[in-house]
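Below, each chain spelled out in residue letters.
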Amino acid sequence: MFAAERRQLILEMVRANGAVSLRELARVVQTSEVTVRRDVRALEAEGLLDRRHGGAVLPGGFTRESGFPQKSHLATAEKTAIADLAAGLVEEGEAIVVGAGTTTQELARRLARVPGLTVVTNSLLVAQALAHANRVEVVMTGGTLRGSNYALVGSGAEQSLQGLRVSKAFLSGSGLTAERGLSTSNMLSASVDRALVQAAAEVVVLADHSKLGTDTMFQTVPTDVITRLVTDDPPAHDDRAATELQALADQGVQIAVAGASGASGSPGASGASAGDAVPARQQRRDVPLPGPRRQVPGAGSGLRTATALGEQNGGPAEQRARVADLRRR
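Sequence order sets the numbering: in each chain, residues are counted from 1 along the sequence as written. Per-residue local features are limited, in this predicted model, to residues with pLDDT of at least 70; the limit for side-chain atom pairs, both in listing and counting, is 80 or more; totals at the level of whole chains, interfaces and linings are taken over all residues. Side-chain calculation: all heavy atoms of the structure are included, whereas hydrogens and water are not.

A.B. asks: Teacher, can you tell me more about the overall build of the protein here?
C.D. replies: A count of helical and extended segments in the protein gives 12 helices and 16 strands. A separation of at least 24 residues holds for 69% of the contacts in the protein among residues at least 6 apart in sequence. Here the protein displays about 13,300 Å² of accessible surface, and carbon together with sulfur accounts for 51% of that area. Only runs of H or I of at least four residues qualify as helices and only runs of E of at least two qualify as strands under DSSP, and these elements are numbered from the N terminus. Any pair of residues with heavy atoms lying within 4.5 Å of one another is described as a contacting pair. Here the Shrake-Rupley method, with its probe set to 1.4 Å, supplies the accessible areas, and only the displayed protein chains count as covering residues.

A.B. asks: Would you mind showing me how to read the environment of Gln-128 here?
C.D. replies: You can see Gln-128 is positioned in helix α7 (residues 124–129). In this structure the C-alpha to C-alpha distance between Gln-128 and Val-138, which are 10 residues apart in sequence, comes to 9.6 Å.

A.B. asks: Explain the packing of helix α5 (residues 76–87) against helix α6 (residues 102–111) here, please?
C.D. replies: Packed helices, taken two at a time, are described by the angle their axes make and the gap between the axes. Between α5 and α6, whose axes approach to 8 Å, the crossing angle comes to 50°. One element, α5, and the other, α6, form an angle in the oblique class. In the crossing of α5 with α6, the sense of the turn from one axis to the other is right-handed. Here Lys-79, Thr-80, Ile-82, Ala-83, Asp-84, Ala-86 and Ala-87 of α5 come into contact with α6, specifically with Thr-102, Thr-103, Glu-106, Leu-107, Arg-110 and Leu-111. In this classification, the charged set is Asp, Glu, Lys and Arg, the nonpolar set is Ala, Val, Leu, Ile, Met, Phe, Trp, Tyr, Cys and Pro, and all remaining amino acids, among them Gly, are polar. Considering only residue class, the contact of α5 with α6 consists of six nonpolar, three polar and four charged. Only the contacting stretch of a helix is used when fitting its axis, a line to C-alpha atoms as for every element, and angles between N-to-C directions run 0 to 180 degrees. Roughly parallel covers angles under 35 degrees, roughly antiparallel covers those over 145, roughly perpendicular covers 65 to 115, and oblique covers all other angles. Here a crossing is taken to be left-handed if its near helix is turned anticlockwise relative to the far helix by less than a right angle, and right-handed if that turn runs clockwise.

A.B. asks: Is there a simple way to explain the side chain of Thr-141 in this structure?
C.D. replies: Tracing the chain through its elements places Thr-141 in the loop between β6 (136–140) and β7 (144–146). Look at Thr-141 and you get buried, because its relative accessible area is 8%. Look past the residues within four positions of Thr-141 in its chain and what remains in contact with it is Thr-121, Asn-122, Leu-152, Ala-157, Ser-160 and Leu-161. For each residue, the accessible area found with a 1.4 Å probe, counting protein chains only, is set against the maximum for its type, and the residue is called buried under 20%, exposed over 50%, and partly exposed in between.

A.B. asks: How should I be thinking about unusual backbone geometry in this particular structure?
C.D. replies: Glycine aside, negative phi is the norm for most residues, and most peptide bonds take the trans geometry. In this structure, Gln-30 is a non-glycine residue whose phi angle is positive, near 60°. Relative to the elements of secondary structure, Gln-30 occurs in the loop between α2 (22–29) and α3 (33–45). Positive phi, close to 55°, is recorded for Tyr-150, a residue that is not glycine. Mapped onto the elements, Tyr-150 comes out in the loop between β7 and β8 (151–153).

A.B. asks: Sorry, what's going on with the pattern of salt bridges here?
C.D. replies: Opposite charge on two side chains makes pairing possible when the charged atoms of those side chains draw close. Between Lys or Arg on one side and Asp or Glu on the other, a salt bridge is scored when a side-chain nitrogen of the former is within 4 Å of a carboxyl oxygen of the latter. Taken as a whole, this structure holds 12 salt bridges when the rule is applied. For Asp-39, the salt bridge identified is with Arg-7, shortest N-O distance 2.9 Å. With Asp-39 in helix α3 and Arg-7 in helix α1 (residues 3–17), this pair connects stretches of sequence that are 32 residues apart. Using a relative accessible area of 26% as the deciding quantity, one classes Arg-7 as partly exposed. Taken together, the shared-partner salt bridges in this structure form one network comprising Arg-23, Glu-33, Glu-78 and Asp-232.

A.B. asks: Can you walk me through the nonpolar core in this structure?
C.D. replies: Generally speaking, nonpolar side chains in soluble globular proteins are found buried as a group. Ranked by internal contacts, the top residues of the largest apolar core, which has 30 residues, are Leu-176, Val-205, Leu-212, Val-221, Leu-229, Leu-248 and Ile-255. Elements with a contribution of two residues or more to this core: β9 (166–171), α9 (187–198), β12 (200–206), α10 (239–250) and β15 (254–258). Beyond its immediate stretch of four places on either side in the chain, Val-221 contacts Leu-171, Arg-180, Gly-181, Leu-182, Val-197, Val-203 and Ile-226. Ala-83, Ile-96, Val-204 and Ala-258 belong to the second largest nonpolar core, which has 26 residues in total. Residue types Ala, Val, Leu, Ile, Met, Phe, Trp, Tyr and Cys, when buried and joined through side-chain atoms within 4.5 Å, form a set referred to as a nonpolar core.

A.B. asks: What is the right way to look at the pairing of strand β11 (residues 181–184) in this model?
C.D. replies: Here is the key point about a regular strand: its side chains alternate between the two faces of the sheet. Across three bridges, strand β10 (residues 175–177) lies against β11 in antiparallel orientation. Looking at the pairing, Gly-175 lines up with Ser-183 of β11. Strands are labelled as partners when DSSP assigns at least two bridges between them. Relative to strand β13 (residues 218–221), β11 is paired through three bridges, and the arrangement is antiparallel. Directly across from Thr-184, in β13, lies its bridge partner Phe-218.

A.B. asks: What is the right way to look at the sheet that holds β11 in this model?
C.D. replies: The pairing of strands in a sheet comes from backbone hydrogen bonds and takes either a parallel or an antiparallel form. Taken in spatial order, the three strands of this open sheet run β10-β11-β13, and their pairing is antiparallel. Bordering the open sheet on either side are β10 and β13, each of which pairs with just one other strand. Sheet twist, expressed as the mean angle between neighbouring strand axes with direction ignored, is 40°.

A.B. asks: What's the story with a nonpolar patch on the surface in this structure? I'm lost.
C.D. replies: Grouping into patches uses exposed residues only, defined as over 30% relative accessible area, and leaves out salt-bridged ones; the cut-off is 9 Å for like charges and 5 Å for nonpolar side chains (Val, Leu, Ile, Met, Phe, Trp, Tyr). Taken together, Leu-124, Val-138, Met-140, Leu-145 and Tyr-150 make up a surface patch of nonpolar side chains, about 380 Å² in accessible area. Take Val-138: it is sitting in strand β6. According to the relative accessible area criterion, Val-138 is partly exposed, its value standing at 30%.

A.B. asks: Teacher, can you tell me more about the pairing of β15 here?
C.D. replies: Taken across its five residues, β15 has five buried, putting it largely inside the fold. Taking every second residue as pointing to the same face, both faces of β15 are buried, with Gln-254, Ala-256 and Ala-258 on one and Ile-255 and Val-257 on the other. Bridge count between strand β14 (residues 228–232) and β15: five bridges; the pairing is parallel. Bridge pairing links Val-230 to Ala-256 in β15.

A.B. asks: How should the sheet that holds strand β1 (residues 19–21) be read in this particular structure?
C.D. replies: On the basis of which strands lie adjacent, the open sheet formed by three strands has the order β1-β3-β2 and antiparallel pairing. The two strands at the open ends of the sheet, each matched to only one other strand, are β1 and β2 (50–52). Put simply, the sheet's adjacent strands are angled 25° from each other on average, direction ignored. As paired strands, β2 and strand β3 (residues 55–57) are joined by three bridges and run antiparallel to one another. Within β3, the residue paired with Arg-52 across the bridge is Gly-55. Packing of α2 onto the sheet brings it into contact with β1 and β3, and relative to β1 it is tilted by some 75°.

Structure below.
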């Protein structure tokens, strides 16, 4: 493919989806990420798109929200690895909330085998993934259906969450920065996500590396409220993603990194504790961080804090080195 053809295809993908990772662009145009990065730089110089950490977005500073058909085909390997790792944070008999999104949908598929689980959600896709799970109780919010992401939003959804209390909330979004936390492009979705957060003792954000450093219009979860981030391993050349992870770590967010390379399918034992063995393809790495976050009273071994992991693996210098390793890779 000639450079002009390649760049036209890249531009069409960004216009169709709003934001696309370099990894996905390289896969579609069948070339290396180095070449794609050069193409994106050239298109940015012409004012046709903006570069972001590990990807490209529409020009103008803030990405617009993509519809479900576009999102479902983006970063599939990364979402699979993230969902595999996040499922290990859920214990038998727990009550959780799961927000809308393609990554949370992947998580829901893996939660179907966790006995005694209660899942509260505003997502039709999450509910559908758990519809035939005999040992999982699904509770749906009320609200108005938002067709672009198959989620229930509005005052009905928010009111149905009042008085609810669960152990964890699993949320995704359009962007994540250390400065503003998790954000999304739609006001109604952001409002419901904030209500989901209020119902949970701990907040777990699921975001692939292309969302790191991306800022969108409506803040959903401030950084100081995020307990844990589950993300994939950024490419070795993506220094900015590693820098963003370091900034999040500095603010006390516990970080679990799953290797997306070759990740597929579900883990061998969904619902295993976070301390259990993870399939080798995930290349799990928990980054220990200073200071406790919001704790669940009586939480068991399935929610081992990153600080506890750090005590087993060395002092603060060693803990910092594990985050810094992302840059060297």
